[in-house]
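Here are the chains, one letter per residue:
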Number of protein chains: 2
Amino acid sequence: MAPISTRDLAGEHGDNNSCNRLDHKQMSKSVTTPAVIARPSKDHDLVLKTFRLLIADLCQQFKGGHPGGAIGMAAIGVALWKYVMVYSPTESTFFNRDRFVLSNGHTCLFQYAFLHLTGYPSMTLEQLKSYHSKRSDALCPGHPEIEHEGIEVTTGPLGQGVANSVGLAIASKHLAATYNQPSHQVVSNHIWCMVGDACLQEGVALEAISLAGHLRLDNLTIIYDNNQVTCDGTVDLTNTEDVNAKMRACGWDVYTVEDGCFDIEGIVTVLNQARSAATKPTFVNVHTVIGLGSAVAGNAKAHGVAFGESDVANMKREAGFNPDEYFVISDAVYDFFSDRISNGRRVVDEWHNLLESYEHQYPDLANEFAKRREGQLPADWESLIPEDFPNKATATRASSGLVFNPIAQKVKSFMVGTADLTPSVNMTWEGKDDFQFPGLKTDCGINGSYKGRYVHYGVREHAMAAVSNGMAAYSPGTIVPVTSTFFMFYLYAAPAVRMGALQRLQVIHAATHDSIGMGEDGPTHQPLELAALYRAMPNLLYIRPGDSEETAGAWTAAVKAKHTPSIISTSRHAVPQITGKTNRKAVERGAYVIEESLSEGGKADLTLIGVGAELSLAVDAAAILRQDHSLRVRVVSFPCQRLFDKQSRDYRRSTLRRHQGIPAIAIEPYVALGWERYADAMVCMSTDRFGHSLPGPQAYEYFGFDLNTVVQKILEYMERRHRGLVLAGDFEELL
Amino acid sequence: MAPISTRDLAGEHGDNNSCNRLDHKQMSKSVTTPAVIARPSKDHDLVLKTFRLLIADLCQQFKGGHPGGAIGMAAIGVALWKYVMVYSPTESTFFNRDRFVLSNGHTCLFQYAFLHLTGYPSMTLEQLKSYHSKRSDALCPGHPEIEHEGIEVTTGPLGQGVANSVGLAIASKHLAATYNQPSHQVVSNHIWCMVGDACLQEGVALEAISLAGHLRLDNLTIIYDNNQVTCDGTVDLTNTEDVNAKMRACGWDVYTVEDGCFDIEGIVTVLNQARSAATKPTFVNVHTVIGLGSAVAGNAKAHGVAFGESDVANMKREAGFNPDEYFVISDAVYDFFSDRISNGRRVVDEWHNLLESYEHQYPDLANEFAKRREGQLPADWESLIPEDFPNKATATRASSGLVFNPIAQKVKSFMVGTADLTPSVNMTWEGKDDFQFPGLKTDCGINGSYKGRYVHYGVREHAMAAVSNGMAAYSPGTIVPVTSTFFMFYLYAAPAVRMGALQRLQVIHAATHDSIGMGEDGPTHQPLELAALYRAMPNLLYIRPGDSEETAGAWTAAVKAKHTPSIISTSRHAVPQITGKTNRKAVERGAYVIEESLSEGGKADLTLIGVGAELSLAVDAAAILRQDHSLRVRVVSFPCQRLFDKQSRDYRRSTLRRHQGIPAIAIEPYVALGWERYADAMVCMSTDRFGHSLPGPQAYEYFGFDLNTVVQKILEYMERRHRGLVLAGDFEELL
C-alpha cells in the first residue's frame, strides 16, 4: 500500500497557467507508450477528427449548444471509453460497472457521442441529433440526466458532480468493505469524474475534494479538462492558483498530461495508474484546447455557441472531410469501438460467474447483498420503530433519534452522516462505526473503516447533500443516505437537496433546530423563510412533526418515499406529547383533524392549524378559546403540505372545512408564504425582519408566540370578521 | 513590492495536525520579541487569565454559550486590540478604521469582551453579562450583529465571514485606488478575519480564499484559530489536509505561530508583518488550545457548553483567583487597555487632519469622496435611465442592461460583478474597467487595476454574494455592489443573499434566465421553486419585470432601497413591450392594473395576473377571452409581491378586486406556492416534477404555457366555478 509517487510534470508553481495552450504540437508528451493500446495511432487520428466534427455539426444544426469543451476533451473520451472504463453498453446498469460523472455537464455531447459510438442501444444517431431539437422525448438534454441509459447522475449546476462522484466512491468503498471476501471482489469498480475549470472554482467541489482526500478514496479519479477558458475569457481573469499543489495539499495524487488533445496513450497510462492507486484519490490535470480546430480554438467564444457554418466547413476541409457532409461517422470509426459491446458482455459474464461462486460460498451474505441491490429493506423495518414513547415533553430532534436509531442500527442500507453536529442531531446509535480510511486513528481516539456507516462530513453542508446524492445514485435503494444538521444550514445544502429531488433519489435529511425556539444562536440561525423553499420544491417532502408520535409518522413517510427525498424538520427544545391525538399513520396524509369541536359536520367557529414544534400551542390556544371565550374550535395538525396536497379534494375539504365557511388560522413562527392555500389568517413572523437572539421561551414571547398573545390575536381577528372587516381575498398576517 | 518570504515553521506536510496542542508549554516560540510591545509580560499573564475567566463566567451564569474558542483565542485578541488594530472605541464608525470580522461567530464573547475592555461605550460590563440572558435589548447576541457598536458584519453561518472580509478588502483597495493621492493615503486600513477550523471547511470560504489570492489583496489577513477541534471531536475526523500548503497554492503568504495561547509578542510580530505585506494576502496559522485551563481543554466538550461550576472554580483557583468572585476585572487590566481610547482619538484626529489637507488640495475628489461616505448618489441618477426603449420585443435581461449600464457608467458607487456570465447578463458598459491586481495582464489581453469597478468573481456564486455583502458593509452606501448570474444559480448564493437581507445591506442581484423560457439548458437550470424562497425572505425585493419599462421600474425600486437587497429577475428570451400599459412608477407599488374590463368599479368576470417574462401571455389571453368568449377580463401586472404587500389595504383590494367576488387567476411557470394570497387559481407548474430541456417556445408549450392552452385552462376553470364546483377555500392549480 505504498503511495504512488506523483508525476506532475507541470512543476510546483502553477505553470499550467503559463504554457501556451493553443500550440499543442509544441507540447511534450508527459507519459509514454502504455502497454494496453494495441491499435495504431492512425485510428486515433480518424476517431478524434470524426468526433470533433460530429460535435461541431451537432451544435451547428440548431445553432446552439456547447461545442468547445466536448471537442477539447475528445482524446480523454477515447481513452476512457475505448481503453480504460469498465462498462457494458448493452447492460448499462450492470452493478459493478465503473461510474462516470460529467461534472462539467454542459459538455454533455461529449458523453452522448461516446454512448453512441460505443453502442448504447438507445443512443442512436437519430437520438444524438435530437440535441437542442424540439423533440420532447429526446435523450440528449442540455445537461446529462440520470433517467437516460448510460448516465449515472444528473449534473448541471457546476461543481456538484465532483461531490456526487465522491458519494459514488464512498458507496463503492462501503459496499466493497461490507460484501467483498477474499478472492471474491464483487464490488471493485472505479469512479471517474470529468471536471472543467469552473467546477474547481465552486465551493461544493472544494468541500468534496477535501473530504475525499481525507477519506483516501483511491477508487476515485478526477480528470481535469484544463483548457483555461470559461465564459468570461481566460481563467486567469479570476483564478491563478496552483491547482496541482492545492490538490496535493488536500491529499490527492496528481498527474499532468501536457498534450491532452492528442496524447491518448499518455492519458490511458495515467488513468490506468489512477485505477491502481492504493492510498489516495487521483487528480489528472489534462491540458486541452477548447474548440480545437475551430476558428475560435482556445477562446471563450468556443464555449457556448455554435461555430457558424463556414467555420465548421473549414474545420472539415482542414481535417480532410467533405464540408458538405454532416454527421459523418465512417465504418472505421464504428469498427474502432466495436469491441466495446463484446468486451462489456464478457465483463458482465465474468462478474455474474464471480457472483455465482460468491452465492455458493457465502449464501447469507450473498442473499443480503442481492436484496440490497434490489433496493429492498428488511420486511420488518417499520416494526423497529417504538410503539410508544416516554410520556414527557421531548424535543422532536430527540424523538427523531428514538424513531430512527433502532432502524439505523439494524438496517445496513442506511448510511448516516452529519455536518459536524453529532452531539446535537441525535442520529447515532449504539455500536455505530465511523466510515473512515481503515487504520485511521484520530486524535480523539476514534477508529473507523470503510465498513462503517456513520460519515463525518465536516462543516461542509453542501457537499454532504451532494455526496449523499452520489451514494443514493450508486444503485438506487442499495444505500439510503441520511444527512443531518440544523435546518437553517440546509440553505447551504439547498442546491444539492434540489438535485436529489430532481433525480428522484431517496435521501433523508434530518434537520434540527427548526424554529425561533432554537433560541440564543439568534437570527442567523433561525429559519423564518427556508420552509417556503422546501414546501415549494417539487418532489420533496418537508415534514414538521409535532411530537414523538408524529415523528414516527414522519420517518415512516420518508423511508417509504423510495423516489423522493425528505426533510424531517425537528425542534431543539422539548415539546409536549399530544398523547391520544397525534397519529403516526395520519402524518402520511399531511394534515388531519386532532380535535373536532362537535360531532363530524357540526358547526364550528374556527379551525386552528398547528404545525411541528408549535402544535401544542394550537392545542392550548384552542382549549382557552373554548373554555374562556365559548368558541367552537377545531384543531388540525399539519405536518406536511405536500402530502396533504396529494389527498383527495374531499379529504382536504373535510379536514379544513373552509368550504363550510369556517375560517382557518395557522400558527407557525415562519413567514406566512404558502399557508394562504390552507388558512385565512396566520399567527406568523413578519417579512420586515429576521429573528432575535433570546432563549427559546423568550424568543417565542418576543415575537408574540406565547399562549396569551396568540389567543388575543385570534380573538381580535375573529372580532374583525364578526364586524365584516375581513372580505373575500383578504389574508391576514396576525403579527 | 517584493513578496514577503513566508515563515511557516510548521513545515510542508501538515504537521499542524500532529503536534500536541494540549502541551503548549513545550511549544517553542516561532517569532521573537517585537519592537512594538513595551509592556512587561506579567501584564499579559494577568490580562489573559482575567479574559479567560471572564468568558468562563459569562457562559456559566446562564449555563450556555460557547466558551472554548474565545478562551483559546485570548492571546490573539490581546495582540489585535492592544497592539495591532487601528480603531477608535469612541468613534466606532471612523471611516479609515481597520475592519475586524469574526467568521467563527459563535465565539462572539471573544469580540464582546475586547469591546468592553477597550472602552466601547455601549459595551458595559452589564451589557456583557446580557449574553444568553432574557434581555431583549442585549448587545450580546449569540453571534455578532452589524447593528451594534464595533461590529462590522453579522456572522453566524460559518465560512461567510471569510468572504465578507474579502469584500471589505476589495472595498478598501478600490476606494484607496480611487481616492488616495500621493502623500494623502485617505484609505489605508487593514482587514482582519478570524476563522476557526470549521470556516476553512466551508465552500464559500474556499471560493473566497481562491479569489483573494488571485486579486492579491495584501490588505487582508486571515487569522486561523487552529485548535483542531470542532463539535464532533478532533478535526482529523474529517479533515487532514495540509492547510498551509493549500493556502500557499491559493496565492497567500503563510505564517505559523506555534504557541498561540501565550505568545502575544509572536502574534503581534506576525500580524504587523501581515499588515506590511505588499503582494499577497496573509494567512496566519495560530495553534491554540480550545477551552485552555478548563477540565475539557483541547476537547470538543469545550466548544458549545458551559464548563460547570466546579470546573470554573478550579480554573480560578489554578489562576490564583477567588473562586467565589465572578466577572472579576481588576483595575490593572482596565489600565492595560486604557490607552486605547486616547490612541483611537489620536488616530481619528490624524485622519481628519489628513482629510482636511486632502480637501484643500483635491477639492473635487474630496467632495465626491465625502458624498460617497455619506452614501449619496448623484442627484440625477434616475435621469440616466432612458425614457423610452426600442419598440420591439426585447429580453428583459437586455432591458436590464439598457436601464442600468448608463447608471453604472456614470455613478462610481456601483461595483458590478458576475459569476462568469459576462456575455449573458448584459451588465457591462462602455469603457468599463476590471477590478484586478494592478499590472495583471491576462491571457485574453485584459488589464485591470484596483480602480476598476467590474469584478470577475469566477464560477463562485456563493462567494460573489458574500463578498458583495462585505463590500456593502464597508461603509453602507459608499459602494453599492451588483452581482449577476442565472437566477437558478442564486440558489448557490442564497445563504449570502439571506445574510445581506438580514444585515439590511443594499446589494442588487441581476438574475437572468428566470423561467422555463430559458430553454435548452434544461431542468437543472429552470427555477420553478426558487422564487418562493426569495418572495418569502424578509427584507428582500424579488422583482420580475414584464418588459423594458417595468425593468426601469425594477432598477429604480432597487436603487432606492437603501437598506434592502433586491433580485431583479429577467428573461433570457425576447418578450414583447406592453407599450402604453406598463409603467415604471407603478412597479414600485408591486402590482397594478394594466387593463380594466370596464370603467373603474364596474363588474368584471375575472382578473388575470401576469408576471415578468410571461406578462404578455396574460395580456394576450385576456384579449382572446374578451373577443372570443365575451368575458370581461381585467389584467394586473404583478412584478413584486413584497412591494404590493406594503401598499394600503384599499390599494390592494382595488387592484385585485377579489373582495367584489371577481376571481383572480395568476399565470407564471413557477410552482404556485405564495400566489394563493392573491389568486384563486393559477396556471402554474406542477410540484411533481421539474422542468424539461427544450427550446424556450417548446418548453412553454410542453408545460401548457402556450396561448391556446392557457385560454383553455382558464375557460375550464371559469366553467367549474359557474357550475358551483369551486368552493370557498379551494385554490386550483391549472396544470
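All values reported here derive from a predicted model rather than from experimental measurement.

## Regarding the confidence of the model for chain A
Residue and element names in this part refer to chain A. Of all residues in chain A, 94% have pLDDT values of 70 or greater, and the mean over the chain is 93. Of the regions scoring below 50 in pLDDT, residues 1–35 engages in 77 contacts with residues more than four places distant in sequence or in other chains. Across the whole predicted complex the pTM is 0.95, and at the interface the ipTM reaches 0.95.

## Concerning the sheet that holds strand 2 (residues 191–195) of chain A
Residues and elements named next belong to chain A. Judged by pairing direction, the sheet is parallel, and its five strands sit side by side in the order 1-2-3-7-6 without closing on themselves. Edge positions in the open sheet fall to strand 1 (99–102) and strand 6 (253–257), since each of these has one partner strand only. Between one strand axis and the next, the sheet turns through 15 degrees on average, direction left out of account. Here strand 1 pairs with strand 2 via four bridges, running parallel. By the bridge assignment for strand 2, Phe100 is matched with Trp192. Against the sheet, helix 4 (residues 108–117) engages strand 1 and strand 2, with an angle of about 145 degrees to strand 1.

## A look at the relation of the copies chain B and chain A
Between chain B and chain A, which share one sequence, the superposing operator has a rotation angle of 180 degrees and an axial displacement of 0.0 Å; the RMSD is 0.0 Å. Taken together, the turn and the small shift mark the pair as related by a two-fold rotation axis. Taking C-alpha positions as the reference, the residue of chain B nearest the rotation axis is Gly203(B), at 1.8 Å. Most of the interface of chain B is mirrored in chain A: 100% of its interface residues are interface residues there too.

## Focus on the UniProt feature "domain: Transketolase-like pyrimidine-binding" (unreviewed entry) in chain A
Under the UniProt annotation, "domain: Transketolase-like pyrimidine-binding" (unreviewed entry) lies at residues 394–577 of chain A. The span residues 394–577 of chain A shows a helical share of 33% and a strand share of 19%, and its end C-alpha atoms are spaced 7 Å apart.

## Thoughts on the interface of chain B and chain A
Chain B puts 125 residues into the contact, and the matching count from chain A is 125 residues. Contact with chain A buries surface across chain B, with Tyr492(B), Arg498(B) and Arg677(B) losing the most and accounting together for 8% of the total. Counting the contacts that link chain B with chain A gives 14 salt bridges. Put simply, Arg498(B) and Glu529(A) hold a salt bridge, and the shortest N to O gap is 2.7 Å.

## A closer look at the environment of Arg657(B)
Residue and element names in this part refer to chain B. Position of Arg657 relative to the elements: it lies in the loop between helix 24 (649–656) and strand 21 (664–671). Of the residues examined, Arg657 reaches a relative accessible area of 2% and is grouped as buried. In terms of polar contacts, Arg657 uses its side chain to reach the side chain of Glu596, at 3.1 Å.

## What about the sheet that holds strand 18 (residues 592–595) of chain B?
Residue and element names in this part refer to chain B. Taking strand neighbours across the sheet as the criterion, the six strands line up as 18-20-19-21-22-23 in an open arrangement whose pairing is mixed. A single partner strand is all that each edge strand has here, and the edge strands are strand 18 and strand 23 (732–734). The sheet shows a mean angle of 35 degrees between the axes of neighbouring strands, taken without regard to direction. Sheet topology note: the strand 19 (residues 606–610)/strand 21 ladder contains four bridges and is parallel.

## Quick notes on the nonpolar core
Across soluble globular proteins, nonpolar side chains have a tendency to be buried as a group. Core analysis: the largest hydrophobic core is formed by 372 residues, its most contacted members being Tyr534(A) and Tyr534(B). Among residues more than four places away in sequence, those in contact with Tyr534(A) are Phe487(A), Tyr490(A), Ala493(A), Ala494(A), Val497(A), Leu540(A), Tyr542(A) and Ile567(A).

## A short note on the domain arrangement of chain A
Here chain A is described as being made up of domain 1 (15–87 + 97–119 + 148–337), domain 2 (381–575) and domain 3 (586–733). Using only C-alpha atoms to locate each centre, domain 1 of chain A and domain 3 of chain A end up separated by 55 Å.

## Focus: the packing of aromatic side chains
Summed over all chains, the structure comprises 68 aromatic pairs over all chains. Here the aromatic rings of Phe638(A) and Phe644(A) are separated by 4.9 Å at their centres, their planes lie at 70 degrees, and the arrangement is edge-to-face. Pair check on accessibility: Phe638(A) and Phe644(A) agree, each one buried. In this arrangement the basic side chain of Arg589(A) is found over the ring face of Tyr651(A), its NZ or CZ atom lying 4.0 Å from the centre. Residue placement shows Lys82(B) over the ring face of Phe336(B); its charged tip is 4.6 Å from the ring centre.

## Quick notes on helix 9 (residues 264–275) of chain A
Its 12 residues place the ends of helix 9 of chain A 16 Å apart at the C-alpha level, agreeing with the 16 Å of an ideal helix rising 1.5 Å per residue. Inspection of helix 9 of chain A places Ile264(A), Glu265(A), Gly266(A), Ile267(A), Val268(A), Thr269(A), Val270(A), Leu271(A) and Ala274(A) among the buried residues, and these make up the whole buried set.

## Description of the pattern of salt bridges
Residue and element names in this part refer to chain A. Counted by the stated rule, this structure contains 76 salt bridges over all chains. Across the pair Lys412 and Glu368 runs a salt bridge whose closest N-O atoms are separated by 2.9 Å. You can see Lys412 sitting in the loop between helix 15 (396–410) and strand 9 (414–418) and its partner Glu368 sitting in helix 14 (residues 363–373), a full 44 residues away along the chain. Taking relative accessible area as the criterion, Lys412 reaches 32% and is therefore assigned partly exposed. Judged by relative accessible area, Glu368 falls into the partly exposed class, the value being 29%.

## Details of the side chain of Ser133(A)
By secondary structure assignment, the location of Ser133(A) is in the loop between helix 5 (125–128) and helix 6 (160–179). A polar contact is formed between the side chain of Ser133(A) and the backbone oxygen of Ser130(A), at a distance of 2.7 Å. Setting aside residues no more than four positions away along its own chain, Ser133(A) makes contact with Phe62(A), Leu694(B) and Pro695(B).

## Focus on the environment of Ser342(B)
Looking at the element boundaries, Ser342(B) is found in helix 13 (residues 339–361). Residues Ser342(B) and Arg649(B), spaced 307 residues apart in sequence, show a C-alpha to C-alpha distance of 54 Å.

## Looking at the state of the cysteines
This structure, assessed with the given rule, holds zero disulfides over all chains. As a non-bridged cysteine, Cys193(A) has Cys199(A) as the owner of its nearest cysteine sulfur, 7.0 Å distant.

## Section: the pairing of strand 20 (residues 633–637) of chain B
Residue and element names in this part refer to chain B. Burial of strand 20 is extensive: five of the five residues sit out of reach of the surface. What you see with strand 20 is no split at all: Val633, Val635 and Ser637 on one side and Arg634 and Val636 on the other are buried throughout. Of the pairings in the sheet, the one linking strand 18 to strand 20 comprises three bridges and is antiparallel in character. Residue pairing for strand 20: Val593 is matched across the bridge by Val636. Of the crossover connections in this fold, the one passing from strand 19 over helix 22 (residues 615–629) to the parallel strand 20 is right-handed.

## Regarding the packing of helix 3 (residues 74–84) of chain B against helix 9 (residues 264–275) of chain B
Residue and element names in this part refer to chain B. Close contact between helix 3 and helix 9 brings their axes to 9 Å; oriented N to C, the two are set at 55 degrees. On the basis of their axis angle, the class for helix 3 and helix 9 is oblique. For the pair helix 3 and helix 9, the sense of crossing is right-handed. Residues Ala75, Ile76, Val78, Ala79, Leu80, Tyr83 and Val84 of helix 3 touch helix 9, and the partners they reach there are Ile264, Ile267, Val268, Leu271, Asn272 and Arg275. A per-class count over the contact of helix 3 with helix 9 returns 11 nonpolar, one polar and one charged.

## Topic: helix 13 (residues 339–361) of chain A
All names here are of chain A. Along its 23 residues, helix 13 runs 33 Å from first to last C-alpha, staying within 8% of the 33 Å computed at 1.5 Å per residue. Of the residues making up helix 13, those classed as buried are Arg340, Asn343, Gly344, Val347, Val348, Trp351, Leu355 and Tyr358. Along its buried surface, helix 13 packs onto helix 3 (74–84), helix 6, helix 12 (331–337) and helix 14.

## Section: the packing of helix 22 (residues 615–629) of chain A against helix 26 (residues 707–722) of chain A
A packed helix pair is summarised by two numbers, namely the angle formed by the two axes and the spacing between the axes. All names here are of chain A. Where helix 22 meets helix 26, the closest approach of the two axes is 10 Å, and the angle between their N-to-C directions is 60 degrees. Our classification of the angle between helix 22 and helix 26 gives oblique. By crossing handedness, the relation of helix 22 to helix 26 is classed as right-handed. Contacts from Leu617, Asp620, Ala621, Ile624, Leu625 and His629 of helix 22 reach helix 26 at Leu707, Val710, Val711, Ile714 and Leu715. For the contact of helix 22 with helix 26, the per-class residue count stands at nine nonpolar, one polar and one charged.

Rules behind the numbers
- Residues numbered from 1 in each chain as written.
- Chains lettered and ligands numbered in written order.
- Predicted model: local features only at pLDDT ≥ 70, side-chain atom pairs only at ≥ 80, totals over all residues.
- Heavy atoms only, no water.
- pLDDT = per-residue confidence, 0-100.
- Contact = heavy atoms within 4.5 Å.
- Pairing = 2+ DSSP bridges.
- Helix = DSSP H or I, 4+ residues; strand = E, 2+ residues; numbered from the N terminus.
- Axes fitted to C-alpha atoms, helices over the stretch in contact; angles between N-to-C directions.
- Least-squares fit on C-alpha atoms with pLDDT ≥ 70 in both.
- UniProt positions renumbered as here; feature names shortened; annotations may be inferred.
- Buried area = accessible area lost by both parts, 1.4 Å probe.
- Salt bridge = Lys/Arg side-chain N within 4 Å of Asp/Glu carboxyl O.
- Buried < 20%, exposed > 50% of the residue type's maximum accessible area, 1.4 Å probe, protein only.
- Polar contact = N/O pair within 3.5 Å; in protein donor to acceptor, adjacent residues only side chain to side chain.
- Core = buried A, V, L, I, M, F, W, Y, C linked by side-chain atoms within 4.5 Å.
- Domains from an automatic or database assignment.
- Phe/Tyr/Trp six-rings, centres within 6.5 Å; stacked < 30°, edge-to-face > 60°.
- Lys NZ or Arg CZ within 6 Å of the ring centre and 35° of its normal.
- Expected span 1.5 Å × (residues − 1).
- Disulfide = S-S within 2.5 Å.
- Right-handed = clockwise from strand over helix to strand, strands pointing away.
- Parallel < 35°, antiparallel > 145°, perpendicular 65-115°, else oblique.
- Left-handed = near helix turned anticlockwise from the far one by under 90°.
- Nonpolar A, V, L, I, M, F, W, Y, C, P; charged D, E, K, R; others polar.

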